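Read off the chains here:
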Amino acid sequence: MTVVKAVAVFTFIAVLSLPALAVMPDEKLSDPALEARAREISKELRCLVCQNQSIDDSNADLARDLRVLVRERLVAGDSNDQVLNYVHDRYGDFVLLRPPVTGYTALLWGGPFVLLALAGIGTALYMRQRRRDVETMPAPALTADEEARLADLLNEDKPGDGR
């Protein structure tokens, strides 16, 4: 059991250290304030290869290129918003980890709930109509054999016949 725990701890530490390897030493800026801003911006941008990782956490070549681009724009004097807008203009909403709420994104997020509600309403209406159809449907007539069997069953259940 000790070996299993050691492997689990090693795996946990290895997984936690992966994001630390993303930003290479040659990418870092000498100015700590600019580097902090670059890291903050990099956490807002999605790696276009990894998709659910920020460029700050990704080891992909495209993520490295975007990190370098962010740092170049900061050194050129752009503000955080200007850098984000610059990258957004070139790659679209997909590059942002928190895309702006537009009609399209609202449809993407709300569409499944609307469809689920419509399906529930449709099912309720169908079940209500089916219940009405069953309630108004006349019962089928019994055959002569079924009526005789029913009479026998009813006679068996009467109290006082001595059985």
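Shown above is the structure to which this text applies.
Quick notes on the rules
Residues numbered from 1 in each chain as written. Predicted model: local features only at pLDDT ≥ 70, side-chain atom pairs only at ≥ 80, totals over all residues. Heavy atoms only, no water. Helix = DSSP H or I, 4+ residues; strand = E, 2+ residues; numbered from the N terminus. Buried < 20%, exposed > 50% of the residue type's maximum accessible area, 1.4 Å probe, protein only. Contact = heavy atoms within 4.5 Å. Areas by Shrake-Rupley, 256 points an atom, 1.4 Å probe, with all protein chains shown as cover. Polar contact = N/O pair within 3.5 Å; in protein donor to acceptor, adjacent residues only side chain to side chain. Core = buried A, V, L, I, M, F, W, Y, C linked by side-chain atoms within 4.5 Å. Salt bridge = Lys/Arg side-chain N within 4 Å of Asp/Glu carboxyl O. Expected span 1.5 Å × (residues − 1). Arc of directions from axis to C-beta. Patch = residues over 30% accessible without salt bridge, like charges linked within 9 Å, V, L, I, M, F, W, Y side chains within 5 Å.

**Quick notes on the overall build of the protein**
So, step 1. In terms of regular secondary structure, the protein is built from 6 helices and 0 strands.
So, step 2. For the protein, the α and β elements follow one another from N to C terminus as α-α-α-α-α-α.
So, step 3. For the protein, buried positions account for 20% of its 163 residues.
So, step 4. A separation of at least 24 residues holds for 54% of the contacts in the protein among residues at least 6 apart in sequence.
So, step 5. Total accessible area on the protein stands at roughly 12300 Å², and carbon and sulfur atoms take up 63% of it.

**Focus on the side chain of Ser58**
So, step 1. Secondary-structure assignment places Ser58 in the loop between helix 2 (32-42) and helix 3 (61-75).
So, step 2. A polar contact of 3.1 Å, which involves the side chain of Ser58, links it to the backbone nitrogen of Ala60.

**What to know about the nonpolar core**
So, step 1. Membership of the largest hydrophobic core comes to 17 residues, with the highest contact counts inside it found for Ile41, Leu45, Ile55, Val70, Leu74 and Val87.
So, step 2. Looking at this core, the elements with two or more residues in it are helix 2, helix 3 and helix 4 (80-91).
So, step 3. Residues within four places of Val87 in sequence aside, it is in contact with Leu45, Leu66, Leu69, Gly92 and Val95.

**Some details on the pattern of salt bridges**
So, step 1. Evaluated as defined, the whole model comprises 4 salt bridges.
So, step 2. The partner of Glu35 in a salt bridge is Arg71, with the nearest N and O atoms 2.7 Å apart. Of this pair, Glu35 sits in helix 2 while Arg71 is found in helix 3, placing the two residues 36 residues apart along the sequence.
So, step 3. With relative accessibility at 10%, the residue Glu35 sits in the buried group.
So, step 4. The residue Asp56 makes a salt bridge to Arg39 at a minimum N-O spacing of 2.6 Å. Of this pair, Asp56 sits in the loop between helix 2 and helix 3 while Arg39 sits in helix 2; the two residues are 17 residues apart in sequence, bridging distant segments of the chain.

**Let's talk about helix 4**
So, step 1. Its 12 residues give helix 4 an end-to-end C-alpha distance of 17 Å, which sits within 8% of 16 Å, the value for a rise of 1.5 Å per residue.
So, step 2. Looking at helix 4, one finds that the buried residues are Asn80, Val83, Leu84 and Val87. One side of helix 4 carries all its buried residues, which in axial view fall inside an arc of 95°. Every exposed residue of helix 4 that faces more than 90 degrees away from the buried side is listed here: Asp81 and Asp89.
So, step 3. Elements that come into contact with the buried residues of helix 4 comprise helix 2 and helix 3.
So, step 4. Positive phi shows up at Gly92, right after helix 4, with a value of about 85°.

**Some points on a nonpolar patch on the surface**
So, step 1. Together, Val114, Leu115, Leu118, Ile121 and Leu125 line one region of the surface with nonpolar side chains, adding up to about 510 Å² of accessible area.
So, step 2. As for its position among the elements, Leu118 is in helix 5 (residues 103-136).
So, step 3. A residue is classified by how much of its surface remains accessible, and Leu118, at 53% relative accessible area, is exposed.

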